[in-house]
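Breakdown of the fold
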Amino acid sequence: MHDSLPACDQAHMARALRLARRGLFSTHPNPRVGCVIVAADGEIVGEGWHVRAGEPHAEVHALRQAGARARGATAYVTLEPCSHHGRTPPCAEALVEAGVARVVAAMQDPNPQVAGRGLQRLRAAGIAVTCGVLEAEARALNVGFVKRMEQGLPYVRVKLAMSLDGRTAMASGESQWITGPQARAAVQRLRARSSVVISGADTVLCDNARLTVRPDELEVDAEQAALAAARPPLRVLVDGQLRVPLTAAFFRAGPAMVACCEDDGRGADYQAGGHVLLPLPRGDGHVDLRLLLAELAAAGANEVLVEAGPRLAGAFAREGLVDEYRIFMAPQLLGSTARPLLDWPLAQMSEAPQLDIREIRAVGRDWQIVARPV
């Protein structure tokens, strides 16, 4: 693919993608975007990345750095430059006004407000345009934004921690800690990159869980830790029968949303504590999880992390709502009476869901498995 393109295109786009990843924790609900501007002599004269919504896009930062040297240069952008007026002016116009000669985009913007119009504007201005350089990497970086734009749902990761024999907690519910500190830091980074973290009443009651991001445990540089602290994910509690008291650590940790089956008259109490009560009954005494995800996507959620016990995690799996499993496996055995990974009764092998294992790597003393439903 793109064999006829200059050899430097992939290298410069790879650099733009590295810049875009600086916004991993902070751009919600916007995509993560990086930009590199290269002068005709091959010198990089401008770089930038989108930091957070409402602030300048990557192209603007790079153009400001390049100044007059942007004229006649090539701009490498990890996502098609926007063509519409949002909270910031359109980047396609900024590139035209700067006089760049060529724009290389990793992928077309899946946002219907853009969807090729940014590239069309550039071509209409006489700018050479190439699209599709390192597209797979660019889509992976913004997998949640892409899914939300294309399907109206966020990308759902289910995080699970288990022993070698596939157990998540003792029969009593005791589970802290199955995994070691490096694995817990990896989970913190998963939380920090997510728009939303979802948990269930069982987990919050058994573990006294708060599901917050703790910047000092992220094991990232100071800039990234500060960005993560400034944009915590929305914490959502699935509590159909409102079993978790408002005095729980989960609620004391900050504003949260509670998805329930019905408001039993305590809605004002939740609101007074800064929380949102969202009734989403499915009709069988359970919360409608698909509708919950659609509501979150409509509010701008790109990536959702589910950190829950076997019942809620199993419900997401049974309903086909999981895009990716992040399984942390610890080198210990919990025994046959311990709790299973998922509450998902299956009667025969033909019912067993198949997974595509994308990655297995060591995380301290534990192993992380990344798998996606086939």
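Source: prediction; values computed, not measured. (Residues numbered from 1 in each chain as written. Predicted model: local features only at pLDDT ≥ 70, side-chain atom pairs only at ≥ 80, totals over all residues. Heavy atoms only, no water.)

Here we look at the UniProt feature "binding site: NADP(+)" (unreviewed entry) in the chain
The feature "binding site: NADP(+)" (unreviewed entry), as annotated in UniProt, sits at Ala161, Trp177, Asp207, Gly309, Pro310, Arg311, Leu312, Ala313, Gly314 and Ala315 in this numbering. Their sequence span is 155 residues, while the largest C-alpha to C-alpha distance among them is 23.8 Å; these annotated residues do not converge on one region. Take Arg311: it is sitting in helix α13 (residues 310–318). In this structure Arg311 comes out as partly exposed when scored by relative accessible area, which is 48%. Setting aside anything within four residues of it in sequence, one finds Arg311 in contact with Asp202, Arg243, Arg318 and Asp343. For Arg311, the side chain forms a polar contact with the side chain of Asp202, separated by 3.0 Å. With respect to the helices, strands and loops of the structure, Leu312 is situated in helix α13. A residue is classified by how much of its surface remains accessible, and Leu312, at 13% relative accessible area, is buried. For Leu312, the residues in contact, after removing those within four places along its chain, are Ile198, Ser199, Gly200, Val238 and Leu289. (UniProt positions renumbered as here; feature names shortened; annotations may be inferred. Helix = DSSP H or I, 4+ residues; strand = E, 2+ residues; numbered from the N terminus. Buried < 20%, exposed > 50% of the residue type's maximum accessible area, 1.4 Å probe, protein only. Contact = heavy atoms within 4.5 Å. Polar contact = N/O pair within 3.5 Å; in protein donor to acceptor, adjacent residues only side chain to side chain.)

Re the UniProt feature "active site" (unreviewed entry) in the chain
Following the UniProt record, the feature "active site" (unreviewed entry) maps to Glu59 here. For Glu59, the location among the structural elements is in helix α2 (residues 58–66). Ignoring sequence-local partners within four residues, the contact set of Glu59 consists of Cys35, Val77, Leu79, Pro81, Cys91 and Leu95.

Re the nonpolar core
Counting 42 residues, the largest nonpolar core has Met13, Ile37, Leu95, Val100, Val103 and Leu122 as its most contacted members. Sorting elements by how many residues they give to this core places helix α1 (residues 8–20) first, with five residues. Those residues in contact with Leu95 that sit more than four places away from it in its chain are Glu59, Leu63, Ala75, Pro81, Val100, Val103, Leu122 and Ile127. Judged by nonpolar contacts, the second largest core, of 35 residues, contains Val238, Leu289, Leu312 and Tyr325. (Core = buried A, V, L, I, M, F, W, Y, C linked by side-chain atoms within 4.5 Å.)

Here we look at the pairing of strand β2 (residues 44–49)
Pairing of strand β1 (residues 34–38) with β2, which is carried by five bridges, proceeds in the antiparallel orientation. Among the inter-strand pairings, Ile37 is bridged to a residue of β2, identified as Gly46. Between the end of β1 and the start of β2, which pair antiparallel, lie five residues, with Gly42 showing a positive phi angle near 95°. (Pairing = 2+ DSSP bridges.)

Brief notes about the layout of surface pockets
One number sums up the size of the second largest pocket: a volume of about 620 Å³. In terms of lining residues, the second largest pocket is bounded by 23 residues, among which Leu24, Arg157, Leu190, Arg193 and Arg326 are the most central. Broken down by secondary-structure element, the contributors of at least two residues to the lining of the second largest pocket are α5 (135–141), β6 (155–163), α7 (181–193), β13 (324–330), β15 (355–363) and β16 (366–373). Sort the elements by how many residues they give to the lining of the second largest pocket and α7 lands first, with four residues. Taken together, the residues of the lining of the second largest pocket break down into 10 nonpolar, two polar and 11 charged. (1 Å grid on protein atoms, 1.4 Å probe; cavity = no way out; pocket = protein on both sides within 12 Å on 5 of 7 lines; lining within 4 Å. Points joined across faces, edges and corners; volume = space filled by probe spheres on them. Nonpolar A, V, L, I, M, F, W, Y, C, P; charged D, E, K, R; others polar.)

Here we look at the packing of aromatic side chains
Enumeration according to the criterion identifies two aromatic pairs in this entry. Centroid distance Phe250 to Phe251: 5.4 Å. Interplanar angle 85°. Geometry classified as edge-to-face. Note on accessibility: Phe250 and Phe251 belong to one class, buried. Aromatic ring contacts, followed pair by pair, group Phe250, Phe251 and Tyr270 into a single cluster. One cation-aromatic arrangement involves Arg235 over Phe250; the distance from NZ or CZ to the ring centre is 4.5 Å. (Phe/Tyr/Trp six-rings, centres within 6.5 Å; stacked < 30°, edge-to-face > 60°. Lys NZ or Arg CZ within 6 Å of the ring centre and 35° of its normal.)

What about helix α12 (residues 289–298)?
Among all positions in α12, only Leu289, Leu292, Leu293, Leu296 and Ala297 are buried. The buried residues of α12 occupy one face: seen down the axis, they fall within an arc of 135°. Where α12 begins, the side chain of Asp288 points an oxygen toward the backbone nitrogen of Arg290, at a separation of 3.3 Å. Gly300 lies just past α12 and shows a positive phi near 105°. (Arc of directions from axis to C-beta.)

Focus on the domain arrangement of the chain
Once the domains are mapped, the chain shows domain 1 (7–141) and domain 2 (153–373). A straight line from the C-alpha centre of domain 1 to that of domain 2 covers 34 Å. Counting residues at the interface gives 13 residues for domain 1 and 17 residues for domain 2. Between domain 1 and domain 2 lies a buried interface of about 1,200 Å² when both sides are counted; carbon and sulfur atoms form 49% of it. Seen at the junction of domain 1 and domain 2, the total is three salt bridges. In this structure, Arg22 and Glu223 form a salt bridge, with 2.4 Å as the shortest nitrogen-oxygen distance. Joining domain 1 to domain 2, the criterion identifies eight residue pairs in polar contact (both at pLDDT 80 or more). Taken together, the residues that form the side of domain 1 that touches domain 2 break down as six nonpolar, three polar and four charged. (Domains from an automatic or database assignment. Buried area = accessible area lost by both parts, 1.4 Å probe. Salt bridge = Lys/Arg side-chain N within 4 Å of Asp/Glu carboxyl O.)

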